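# Structural description and commentary
If you want the building blocks of each chain, they are given just below.
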Amino acid sequence: MKPNRRTFLTQTALGVAALATAPLLPGCRTAQAIPGQTLGPNHRAGHWLRGPLPDLTHTAPAETHSAEVVIVGGGIAGLSARRWLAKAGITDVLLLELEEKTGGNSAAGQNSVSAYPWGAHYLPIPDIRNRELLDFLAEAGSITGYNQAGLPLYNEYHLCHDPEERLFINGHWQEGLVPEIGVPTRDRDQIRRFFAEIETLRQAVGTDGRDAFAIPLDHSSADARYRNLDMQSFADYLTQKGFTSPYLRWYLNYCCQDDYGISLEQTSAWAGLHYFAGRKGRAANAPGSAVLTWPEGNAFLADQLRQQAETPTCTNTLAFSLEQTETGVRVLARDLARNRTVAINARTAILATPAFITRRLLGKAAPAAAPQPLTHTPWVVANLTVDALPQGPGVPLCWDNVVYGTDSVGYISANHQHLHDSPQRVITFYKPLTGHTSAQVSEARKRAYGTTREEWITEILAELETAHPSISQHVQEIDIWVWGHGMAAPAVGALWHSNRTVQSQPIGHSIYFAHTDYSGISIFEEAFYSGIRSAQAILANRQSTAL
Amino acid sequence: MADEPTDPLAASKTHRPEGESLNSFQILLLLSVFVIATCGLIYELIAGTLASYLLGDSVTQFSTIIGAYLFAMGIGSWLSKYLDGDLLRWFIRIEILVGIVGGFSAPLLFVLFEYVASFRVVLYGLVGLTGILVGLEIPLLMRILEHQLSFKDLVSRVFTVDYIGALLASVIFPLVLVPQLGLIRTALFFGLLNVLVAAFVLYKFPQTRPYRTAQGMLIGFTILGLLAGFALAERVMTYTESVALQDKVIYSQSTPYQRIVLTSNAREMRLYLNGNLQFSSADEYRYHEALVHPAMQANPRARRVLVLGGGDGLAVRELLKYPALRTIRLVDLDPGMTQLFRQNELLLKLNKRSLLSPKVDVVNADAYTWIRQDTARYDVVVVDFPDPSNYSIGKLYSTAFYRELDRVLAPGGVVVVQSTSPYVARRAFWCIAHTLQAVGLRTFPYHVHVPSFGEWGYVLASRTTERTGWPSPNRLNLPAGLRYVSPLTLRDMTTFAPDMAEVPTEVNRLNNQALVQYFEDEWSAVP
Ligand SMILES: Cc1cc2nc3c(=O)[nH]c(=O)nc-3n(C[C@H](O)[C@H](O)[C@H](O)COP(=O)(O)OP(=O)(O)OC[C@H]3O[C@@H](n4cnc5c(N)ncnc54)[C@H](O)[C@@H]3O)c2cc1C
């Protein structure tokens, strides 16, 4: 009860005090002194994936299993395929996953303070035409019903709570990520014009009657007027349209980095526009721009996908070879827990692994490599447990927090969806290791693997200190995860002017593919639909052979 | 270097006749002693005053602070013999340090009071440090002046000036400094004086030339820092417990969740949580009667009640006036709070030992997390949370939370929500009503006048599908002895004057936190 408006003032004043005293404080805590560990896609198997695959083909398998369908890879795509098959009544399915837990890029961790994501962390509310996705969300409890107009009612605990985003710019935390504080009118006008243009593109329909920009992206119009945008960089597109404002371009570059891990100059204009114009979510109880999020990020969705099917999953299992047999396929895998090889004979296989792994698994049977292979930006993600977050003036902590002019794409507060407050929290810091050429990217990847935990910590804290003076003093734990092949990047020409879709064509009636690499844009929806598509193809084939 | 002052001490090094009249330079040095002495006593007074303001029990605080301070000065004096070599340099350093430590002592203590659990350690640490530094000053100065005056004159003059300085300090402190400058600025101002003494010595003595630039810069920075502190003093005060300082503090405790301070004067007792007034014993009955009785009258067959927040047991005291109630479950985050209201004699008198009643079941948990797991059903739910001044409290006023309330409501049940001031925060008040409506509840907004808060609002709510509503005047069965709620006041509570009348607002949801925005806008407009 009673007047209580002090916390705002307190936060501001404390921030001022912290900024003022920062230089007097003793030097940063040394990186070695902060407990935590370095994680990453399975370490034991890591060198197998990065280096040549082990030649275990000739070791006799200790066990042989059989299944109607074997799914390799338990990321979103693999789990979605498994769920779809289960719903269609196909229960003789076996999923192999390299990690201890399924989820792939949507993995999560947990400590005594909060659960936290290691990769994917949100899903924008979908277009209501995405029926399959809505059904899944309803089953997951994220949609609780529909209103009379047919708009979904979202579970308020899953919708991102307010305040959602803030940007540290010119010494102040402002609300929202589009720069406002200290931005000249000329720039504001351009920003306004840009968003007006996006609104037009969101509604735009091609000559074939399809949306210019749709999710899944293969539902987008083939109209050359739009698809040709893929041959141009987003930066060039903007220049052509007179969008020169450094603030606007900073923001859009940030968006490209955040969603694709590449810069404005590298991103295909089609992809850059799709990021905005492809979002057509509608809800009965939230604005179209709302997103769903959980402390553990999209691991929530991965777990839901997993729980919505009952077929067995073998984790800690590295598939290392696949061959076609007379009756279908034979997969060899390494049971990492027991250190032995197992064989799986199946009628069909779904390879839900990243394309560069898939190619290795297939060996000679692999479809011709894309002439312009998709770049995979390495990412480093850090989860920091802090007992306080001293900050400068302005908006208090939000879900997504970005610092203007830094290399990272900011951090999210994993505690944000908690219903009670505590000074201890986990923040998840994201940084794409962007390179301009593919050589630079492999260089960045090598560097990423070579960088020590202490070096990462020093780098990350230095960046956070700019907006959170003396935060180093408040860090209790830092865990680091390096994603060597974070996600496929839709560089110029990658989406509509490559053999992207050709690569995912099934081989015969026995090998199917599902992964966001075949979409070129790495988001939950694409993984979800690519899993469904592969399952549907198997079902269709099964029906035709049964007839 | 012609304009360099010649060493004023050198001339008189050889002969020092007794009773010699002082040269202007020596007068200036003695003036420094005077300033130093005044500063020293001021720091002691500040620490004592601050301790008794913040911790209460001024006799104990003052005497332990003075004791500790004098003892520390003793340590300083003893330590002074270990300082050898360039005494002037030592003196300058110590003056700068005293300026920093003493000058920032008050702002630092005010700020830390709210944020550290072991405030006493910080307080006595700072007092000790200041004492030691101040204890070093006079012995050092005397050694610097040693060759200037005969021992007799030296002792007599230095101590005369010292004691006059002390007298001045003790007179101007209560009469001029505290009323005019406040504690924080007083400390900063005297810190500045110490640093100016250092500057004076640095520039008057040619021996200091080798380190003049370095020390000069340090002095410059310190002065800047102190001046910045001076400018920010107002800011520091606005968020410290300045409010609580008018009265005597009779109890204070920092729990992991909040700082609880109880003050009293001849007329009333006041409870502050993190510096915000929770109640005044003089008129809290108005607030709590109005919170509880309309809801209890609306559902006269109530047996089970849930109270969220309200760890002071005052709402429970009102509830216990209904003997038919079987259980009252109180959920309050802070065990420190409920413990205090079960143990402190004065508070037990105020809440009539309500929390000790066998009917009462106290749960210390976060209300939101707790209610999501609760499976019981209640006839009346009393929601007495702090005002929605930040986003985490704002969640407790959201549609999502009200849906949880609706879920735990037994058939015919009612909810009552304390809803801030409809006069000061009109949109915030109506936003709460609209949010309750948005989850399908029928609302009955009402308000009362509580002198120590002003006009205060509540919203009673029941299910749209049920007949329960605002108590009808002819079916009232109020307990005896109420001082505010009566059939007549009950009737008046629901009329809103035009300046508080309903306004359209958004509904408060977790994903828009509209209420916090309204609340912040409206309360920040209050001077
Ligand atoms: C840092 C980061 C942040 C992201 N943030 C978001 C976000 O906020 N929202 C969003 O929608 N998307 C985000 N993404 C994109 C994310 O990649 C997709 O959402 C989605 O998780 C991809 O799923 P997938 O199934 O296509 O691929 P993957 O997640 O790559 O799944 C492949 C699976 O195969 C397994 N595997 C690999 N090799 C083998 C083998 N030999 N044997 C057995 N198993 C194997 C892997 O362990 C993995 O589980 C983010 C990605 C990264 C890297």
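Please read these numbers as outputs of a predicted model, since none were measured by experiment. (Residues numbered from 1 in each chain as written. Chains lettered and ligands numbered in written order. Predicted model: local features only at pLDDT ≥ 70, side-chain atom pairs only at ≥ 80, totals over all residues. Heavy atoms only, no water.)

What follows deals with the confidence of the model for chain A. Put simply, chain A has an average pLDDT of 89, and 89% of its residues get 70 or more. Note that pLDDT drops below 50 for residues 1-28 of chain A; the model gives that stretch 70 contacts with residues more than four away or on any other chain. (pLDDT = per-residue confidence, 0-100. Contact = heavy atoms within 4.5 Å.)

Moving on to the environment of Gln503 of chain A. All names here are of chain A. Among the secondary structure elements, Gln503 is positioned in helix 14 (residues 500-503). The exposure class assigned to Gln503 is buried, which follows from its relative accessible area of 9%. Taking the C-alpha atoms as reference points, Gln503 and His418, separated by 85 residues in sequence, lie 42 Å from one another. (Helix = DSSP H or I, 4+ residues; strand = E, 2+ residues; numbered from the N terminus. Buried < 20%, exposed > 50% of the residue type's maximum accessible area, 1.4 Å probe, protein only.)

All names here are of chain B. Buried residues dominate helix 14 (residues 399-408), accounting for 7 of its 10 residues. Every buried residue of helix 14 is accounted for by Thr399, Ala400, Phe401, Tyr402, Glu404, Leu405 and Val408. Packing partners of the buried residues in helix 14 comprise strand 5 (304-309), helix 12 (367-373), strand 8 (378-384), strand 9 (409-418) and helix 15 (426-438).

This part takes up the side chain of Ser534 of chain A. All names here are of chain A. Inspection of the secondary structure puts Ser534 in helix 15 (residues 524-546). Since its relative accessible area comes to 4%, Ser534 is described here as buried. With residues up to four places along the chain from it excluded, the contact list for Ser534 reads Ala81, Ile350, Tyr512, Phe513 and Ala514.

Another point: the state of the cysteines. Counted under the stated rule, the structure contains 0 disulfides over all chains. Considering cysteine sulfurs only, Cys255 of chain A is the nearest to Cys256 of chain A, which forms no disulfide, with 6.9 Å between them. The class of Cys256 of chain A is buried, set by a relative accessible area of 3%. Between Cys431 of chain B, a cysteine without a disulfide, and Cys398 of chain A, which holds the nearest cysteine sulfur, the sulfur-to-sulfur distance is 19 Å. When its relative accessible area of 0% is taken as the criterion, Cys431 of chain B is described as buried. (Disulfide = S-S within 2.5 Å.)

Glancing now at the pairing of strand 2 (residues 63-72) of chain A. All names here are of chain A. Pairing of strand 2 with strand 15 (residues 340-351), which is carried by 9 bridges, proceeds in the parallel orientation. Within strand 15, the position partnered with Val69 by the bridge is Thr348. Here 4 bridges tie strand 2 to strand 3 (residues 93-96), and the two strands are oriented parallel to one another. In the sheet register, Ile71 faces strand 3, and the bridge partner there is Leu95. With respect to chirality, the unit in which strand 2 leads through helix 3 (residues 76-87) into the neighbouring parallel strand 3 is right-handed. (Pairing = 2+ DSSP bridges. Right-handed = clockwise from strand over helix to strand, strands pointing away.)

Further remarks concern the domain arrangement of chain B. By domain assignment, chain B separates into domain 1 (22-235), domain 2 (240-279) and domain 3 (283-468 + 483-524). Once you take the C-alpha centre of each, domain 1 of chain B and domain 3 of chain B turn out to be 52 Å apart. (Domains from an automatic or database assignment.)

Once that is clear, we can look at the packing of aromatic side chains. All names here are of chain A. In this structure the tally under the stated criterion is 45 aromatic pairs over all chains. Judged by centre distance (5.7 Å) and plane angle (90°), the rings of Tyr116 and Trp118 are edge-to-face. Given a relative accessible area of 2%, Trp118 falls into the buried group. With 5.7 Å between their ring centres and 15° between their planes, Trp250 and Tyr254 make a pair best called stacked. (Phe/Tyr/Trp six-rings, centres within 6.5 Å; stacked < 30°, edge-to-face > 60°.)

Here we come to the UniProt feature "binding site: spermidine" (unreviewed entry) in chain B. All names here are of chain B. Under the local residue numbering, the UniProt record ascribes the feature "binding site: spermidine" (unreviewed entry) to His288 and Asp312. Spanning 25 residues, the named residues form one tight spatial group whose C-alpha atoms are at most 10.8 Å apart. With respect to the element layout, His288 can be found in helix 8 (residues 284-298). Here His288 falls in the buried class, since its relative accessible area comes to 0%. Topologically, Asp312 is positioned in the loop between strand 5 and helix 9 (314-319). (UniProt positions renumbered as here; feature names shortened; annotations may be inferred.)

So, about the sheet that holds strand 20 (residues 475-489) of chain A. Residue and element names in this part refer to chain A. If you trace the 8 strands from one edge of the open sheet to the other, you get 1-20-16-19-18-17-9-10, paired in mixed fashion. The open sheet is flanked by strand 1 (38-39) and strand 10 (172-175), the only strands paired with a single partner. Direction of pairing for strand 18 (residues 411-413) relative to strand 19 (residues 425-432): antiparallel, over a ladder of 3 bridges. When the sheet's bridge partners are listed, Ile412 is paired in strand 19 with Thr428. Each of strand 9 (165-169), strand 16 (375-386), strand 17 (400-403), strand 19 and strand 20 touches helix 8 (residues 246-260); the most contacted strand, strand 20, lies at about 90° to it. Set on the sheet, helix 13 (residues 453-467) makes contact with strand 1, strand 9, strand 10, strand 16, strand 17, strand 18, strand 19 and strand 20; between it and strand 20 the angle comes to about 100°. (Axes fitted to C-alpha atoms, helices over the stretch in contact; angles between N-to-C directions.)

So, about the sheet that holds strand 8 of chain B. Residue and element names in this part refer to chain B. What the 7 strands build is an open sheet, ordered 7-6-5-8-9-11-10; its pairing is mixed. Since the sheet does not close on itself, it has two edges, and those belong to strand 7 (360-364) and strand 10 (441-450), each with one partner. For this sheet the average axis-to-axis angle between neighbouring strands, irrespective of direction, equals 15°. Pairing of strand 6 (residues 327-332) with strand 7, which is carried by 5 bridges, proceeds in the parallel orientation. Among the inter-strand pairings, Leu330 is bridged to a residue of strand 7, identified as Val362. Contacting strand 6 and strand 7, helix 10 (residues 335-343) runs over the sheet at an angle of about 150° to strand 7.

Residue and element names in this part refer to chain A. Looking at the assigned domains, one finds that chain A contains domain 1 (26-40 + 377-483), domain 2 (56-109 + 299-373 + 492-546) and domain 3 (188-283). Between the C-alpha centres of domain 2 and domain 3 the distance comes to 31 Å. Across the contact, 15 residues belong to domain 2 and 21 residues belong to domain 3. Around 1,500 Å² of area is buried between domain 2 and domain 3 when both sides are counted, 63% of it from carbon and sulfur atoms. When the buried area of domain 2 at its contact with domain 3 is split by residue, Val492, Trp496 and Ile521 rank highest and sum to 43% of it. With its nearest N and O atoms 3.5 Å apart, the salt bridge here joins Glu525 to Arg279. For the pair domain 2 and domain 3, the interface holds 7 residue pairs in polar contact (both at pLDDT 80 or more). Broken down by secondary-structure element, the contributors of at least two residues to the side of domain 2 that touches domain 3 are helix 14 and helix 15. (Buried area = accessible area lost by both parts, 1.4 Å probe. Salt bridge = Lys/Arg side-chain N within 4 Å of Asp/Glu carboxyl O. Polar contact = N/O pair within 3.5 Å; in protein donor to acceptor, adjacent residues only side chain to side chain.)

Right, let's talk about the pattern of salt bridges for a bit. Applying the stated rule across the entire model yields 38 salt bridges over all chains. The partner of Glu404 of chain B in a salt bridge is Arg407 of chain B, with the nearest N and O atoms 3.0 Å apart. Here Glu404 of chain B pairs with Arg407 of chain B, and both are found in helix 14, just 3 residues apart, close to one helical turn. Glu404 of chain B sits in the buried class, given a relative accessible area of 10%. When salt bridges that share partners are traced, they join Asp127, Arg129, Asp211 and Lys280 of chain A into one network.

Residue and element names in this part refer to chain B. Per the stated rule, a full pass over the model turns up 4 cavities of 30 Å³ or more. Quantified by volume, the largest cavity comes out at close to 80 Å³. Every residue lining the largest cavity is listed: Tyr43, Ile46, Ala47, Leu50, Tyr69, Ser105, Ala106, Leu109, Leu123, Leu126, Val127 and Thr130. Within the residue set of the lining of the largest cavity, elements represented by two or more residues are helix 1 (24-55), helix 3 (87-115) and helix 4 (119-145). (1 Å grid on protein atoms, 1.4 Å probe; cavity = no way out; pocket = protein on both sides within 12 Å on 5 of 7 lines; lining within 4 Å. Points joined across faces, edges and corners; volume = space filled by probe spheres on them.)

Before going further, it helps to spend a moment on the confidence of the model for chain B. Residues and elements named next belong to chain B. Confidence along chain B averages 87 in pLDDT terms, with 91% of residues attaining 70 or more. Of the regions scoring below 50 in pLDDT, residues 1-19 engages in 28 contacts with residues more than four places distant in sequence or in other chains. Overall fold confidence for the complex sits at a pTM of 0.77, while the interface term, ipTM, reaches 0.82.

All names here are of chain B. Judged by nonpolar contacts, the single largest core of 102 residues is most densely connected at Leu308 and Val381. In terms of residues, this core owes the most to one element, helix 8, which gives 8 residues. With residues near it in sequence (within four places) discarded, Val381 still touches Leu306, Leu308, Leu405, Val408, Leu409, Val414, Val415 and Val416. Of all hydrophobic cores here, the second largest spans 65 residues; its members include Tyr69, Leu109, Leu177 and Val201. (Core = buried A, V, L, I, M, F, W, Y, C linked by side-chain atoms within 4.5 Å.)

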